[in-house]
Amino acid sequence: MNIRNSLIFIISTTLVLSMINGILSLDPTCVGAPDGQVYLFTSWDFKGELYVYNISQGYLSLPDGLHNNVQSFISGADVCFVKWYPNEQYQITAGESHRNYAALTNFGQRMDGIIPGNCSNIVCSAK
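Residues numbered from 1 in each chain as written. Predicted model: local features only at pLDDT ≥ 70, side-chain atom pairs only at ≥ 80, totals over all residues. Heavy atoms only, no water.

Caption draft 1: Just the state of the cysteines, in detail. Scanning the entire structure with this criterion turns up 1 disulfide. Each sulfur in the disulfide pair C80 and C119 lies 2.1 Å from the other. A torsion of 100° about the S-S bond marks the disulfide between C80 and C119 as right-handed. Here the residue C80 occupies a position in strand 5 (residues 79-83), and C119 occupies one in the segment after strand 8 (113-116), the gap between them amounting to 39 residues. An identical accessibility class is assigned to C80 and C119; each is buried. (Disulfide = S-S within 2.5 Å. Helix = DSSP H or I, 4+ residues; strand = E, 2+ residues; numbered from the N terminus. Buried < 20%, exposed > 50% of the residue type's maximum accessible area, 1.4 Å probe, protein only.)

As structure tokens, then:
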């Protein structure tokens with residue numbers, strides 16, 4: 001009887017911990033980034049160092065850890081990812097995300113900054 005109760009306890013605990021682990025490790029794309037924000041990650045699959053960009057920041061020259069190193073992202077806003085020299089632009093829309101952005105277009109390994117809104121808002125390159 002004691003062994004039976006112990007086995008039931010162990011199995012129940014294992015199942016509960018597995019369920020909790022599954023809940024805690026939800027895919028961040030299911031939750032998404034809040035309106036007006038973009039999550040940038042230094043590693044693929046939404047891991048590594050996280051930087052939260054808010055469109056109220058205006059143009060952002062990427063910090064050292066992310067400059068030419070955006071491996072994945074989740075966007076809650078329409079933004080333009082830019083590389084200045086040579087000039088490249090990618091329009092990103094709210095709700096868009098990529099697990100391995102650097103491999104998808106290789107642009108994450110060349111990216112210099114973010115501009116809120118549409119890429120058509122860019123008048124001239126940053127100096």
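Having seen the model, we can carry on.
Caption draft 2: Structural detail: unusual backbone geometry. With omega at -10°, the peptide bond leading from Y85 into P86 counts as cis. Looking at the secondary structure, you find P86 in the loop between strand 5 and strand 6 (88-92). Here the phi dihedral of F46 falls at roughly 60°; this positive angle occurs in a residue that is not glycine. One non-glycine residue, N68, lies in positive phi territory at about 60°. Positionally, N68 belongs in the loop between strand 3 (60-61) and strand 4 (72-75). The partly exposed category is assigned to N68, whose relative accessible area is 30%.

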